[in-house]
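Spelled out, the chains give:
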Amino acid sequence: MNGLLKIPMQFGILLIGVLLFVFYQFNAPPVSFDQALLNQVRSSRVGATILQDAQENHDALFAAKRAATLDMVTALRSSDPGLVAAAQTHTQAVDAALAGQRAAVWEALKRVTATKEGPATDYIFLTFVLKYLPRGVVGLLIAVVLSAAMGSAAAGLNSLASTSVIDMYQPTRPGRSDAEYVRVSRWAAVGWGVLGIGFATFAARLENLIQAVNILGSLFYGPILGIFVVAFFLKNVGGRAVFWSAVVAQALVLLLFWRTDIAYLWYNIIGCVLVVVGSVLGKADQPAAA
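Conventions we followed
Here, residues in each chain are numbered from 1, in the same order as that chain's written sequence. The model is predicted, so local features are restricted to residues of pLDDT at least 70 and side-chain atom pairs to those at 80 or more, both for listing and for counting; the totals for chains, interfaces and linings are taken over all residues. The basis for every side-chain value is the complete set of non-hydrogen atoms in the structure, without hydrogens or water. In DSSP terms, a helix is any run of H or I states spanning at least four residues, a strand is any run of E spanning at least two, and both are numbered starting from the N terminus. Note on classification: 1.4 Å probe, protein chains only; a residue is buried when its accessible area is under 20% of the maximum for its type, exposed when over 50%, partly exposed between these limits. Under the rule applied, a polar contact is a pair of N or O atoms within 3.5 Å (in protein, one hydrogen donor and one hydrogen acceptor; residues adjacent in sequence only if both atoms are side-chain atoms). Should any heavy atoms of two residues lie within 4.5 Å, those residues are counted as being in contact. Nonpolar cores were defined as sets of buried Ala, Val, Leu, Ile, Met, Phe, Trp, Tyr and Cys residues, with membership established by side-chain atoms within 4.5 Å. In this description, a line fitted to the C-alpha atoms serves as the axis of each element, helices being fitted only across the stretch in contact, and the angle between N-to-C directions of two axes falls anywhere from 0 to 180 degrees. Note on terminology: angles under 35 degrees are roughly parallel, angles over 145 are roughly antiparallel, angles of 65 to 115 are roughly perpendicular, and the others are oblique. Residues were grouped as follows: Ala, Val, Leu, Ile, Met, Phe, Trp, Tyr, Cys and Pro as nonpolar; Asp, Glu, Lys and Arg as charged; and all remaining residues, including Gly, as polar. Any pair of Phe, Tyr and Trp rings, taking the six-membered ring for Trp, is counted once the centres come within 6.5 Å. Such a pair is stacked with planes under 30 degrees apart, edge-to-face with planes over 60 apart, and tilted for the rest. A clockwise turn of the near helix away from the far one marks a right-handed crossing, whereas an anticlockwise turn of less than a right angle marks a left-handed crossing.

Undergrad: It is not clear to me how the environment of Val247 should be interpreted in this structure. Could you clarify?
TA: Examined against the element boundaries, Val247 turns out to sit in helix 9 (residues 239–259). Classification of Val247 by relative accessible area gives partly exposed; the value is 37%. Remark: the alpha-carbon pair of Val247 and Val275, spanning 28 residues in sequence, is separated by 8.6 Å.

Structure follows, in structure tokens:
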């Protein structure tokens, strides 16, 4: 069930991103979504001056961008190709000017604060929640996020520890006492927890954490989903064929990610299809039972 729900959840998260993108096409975003950084800049005289000038330029450019976006909407409704092309060119020019202004502001903010972090894209959703949602809804949303994070972490560590003991330790150490298996599972949970902390520390350095999580998930969700599809709908396929199909599919997905520029969401479908097709072909190659 977990493998079947991961892909719809990814599309749901991306839908939220699309909705936020559309929202900020018509509502002015801040110069930077990192409020802690902005407060640090405002505390210095030089930084406050730079930030005030940047805010004025940003507001002027965004007003032009919003007008260009409205012109684009009007042109699309008119179905006039010439009008649409002109509006698109104007919108792209304003977008480029606004992007250049944001990049220059970010470089200036980095010089003032000596920060080494990238643009605060992970704060976009949090800024929207804190600024536009009612206070009660904000509290409920924070509680939901924290409870979901804690539940997901606990379930993940528990399943990883169980898998480590049942699939890795118990076959090599059969006949041991239940107390020993419990002790090993606890150490396995600790080990997986340390590994998760290490990955979280590395992922925090990336420019966009949500995108990084989705990319990493897309590399592995496809073969996992393919295994579930074969288990649910192709029950006459043997475990050996499914296993080797999953191994080959995972290797091909990683190879495609390394050597091509395919959008990462396609790896979910590619991995699933490769596992299903490979399992069916592997079953066909097996000799019939006497």
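Next comes the rest of the write-up.
Undergrad: Just checking my understanding: could you explain the side chain of Ser245 for this structure?
TA: One can find Ser245 in helix 9. Note on Ser245: relative accessible area 10%, which makes it buried. There is a polar contact of 2.9 Å between the side chain of Ser245 and the backbone nitrogen of Ser279. Apart from the residues lying within four places of it in its own chain, the contact partners of Ser245 are Val275, Gly278 and Ser279.

Undergrad: Got a minute to help me understand the nonpolar core in this structure?
TA: Burial of nonpolar side chains together is a common tendency in soluble globular proteins. Formed by Leu225, Val230, Val237, Ala241, Val242, Ala246, Ala249, Cys272, Val275 and Val276, the largest nonpolar core amounts to 10 residues. For this core, the secondary-structure elements that each account for two or more residues are helix 8 (209–233), helix 9 and helix 10 (266–285). Broken down by element, the residue count for this core peaks at four residues, all from helix 9. Setting aside residues no more than four positions away along its own chain, Val230 makes contact with Lys235, Val237, Val242, Val275, Val276 and Ser279. Formed by nine residues, the second largest nonpolar core is a distinct cluster that contains Leu38, Leu51, Ala54 and Trp106.

Undergrad: Would you explain the packing of helix 2 (residues 35–42) against helix 3 (residues 45–78) in this entry?
TA: Relative placement of two packed helices is described by the angle separating their axes and the distance separating the axes. Between helix 2 and helix 3, whose axes approach to 6 Å, the crossing angle comes to 120°. Here helix 2 lies oblique to helix 3, going by the angle between them. Where helix 2 approaches helix 3, its residues Leu38, Val41 and Arg42 are matched on the opposing element by Gly47, Ala48 and Leu51. Considering only residue class, the contact of helix 2 with helix 3 consists of four nonpolar, one polar and one charged.

Undergrad: Before we go on, may I ask you to explain the environment of Asn268 in this structure?
TA: Topologically, Asn268 is positioned in helix 10. As for Asn268 and Gly222, which are separated by 46 residues in sequence, their C-alpha atoms are 3.8 Å apart.

Undergrad: Could you clarify how one ought to interpret the packing of aromatic side chains in this entry?
TA: In this description, an aromatic ring pair is defined by two values, namely the gap between the centres and the angle between the planes. Per the stated rule, a full pass over the model turns up 10 aromatic pairs. Ring geometry for Tyr169 versus Tyr181: centroids 6.1 Å apart, planes at 85°, classification edge-to-face. One end of the pair, Tyr169, is in helix 6 (residues 135–172); the other, Tyr181, is in helix 7 (residues 178–203), with 12 residues separating them in the sequence. Judged by centre distance (6.5 Å) and plane angle (90°), the ring pair of Phe232 and Phe233 falls under edge-to-face. By relative accessible area, which is 42% here, Phe232 ends up partly exposed. Taking the relative accessible area as the measure of exposure, Phe233 reaches 64% and is therefore exposed.

Undergrad: Could you clarify how one ought to interpret the packing of helix 3 against helix 4 (residues 81–113) in this entry?
TA: Two elements in contact, helix 3 and helix 4, have axes whose closest approach is 9 Å; the angle formed by their N-to-C orientations is 160°. Taken together, the axes of helix 3 and helix 4 lie roughly antiparallel to each other. Judged by the sense of rotation from one axis to the other, the crossing of helix 3 with helix 4 is left-handed. Class assignment of the residues belonging to the contact of helix 3 with helix 4 gives a composition of 20 nonpolar, nine polar and four charged.

Functional significance is not addressed by these values, which are geometric in nature.
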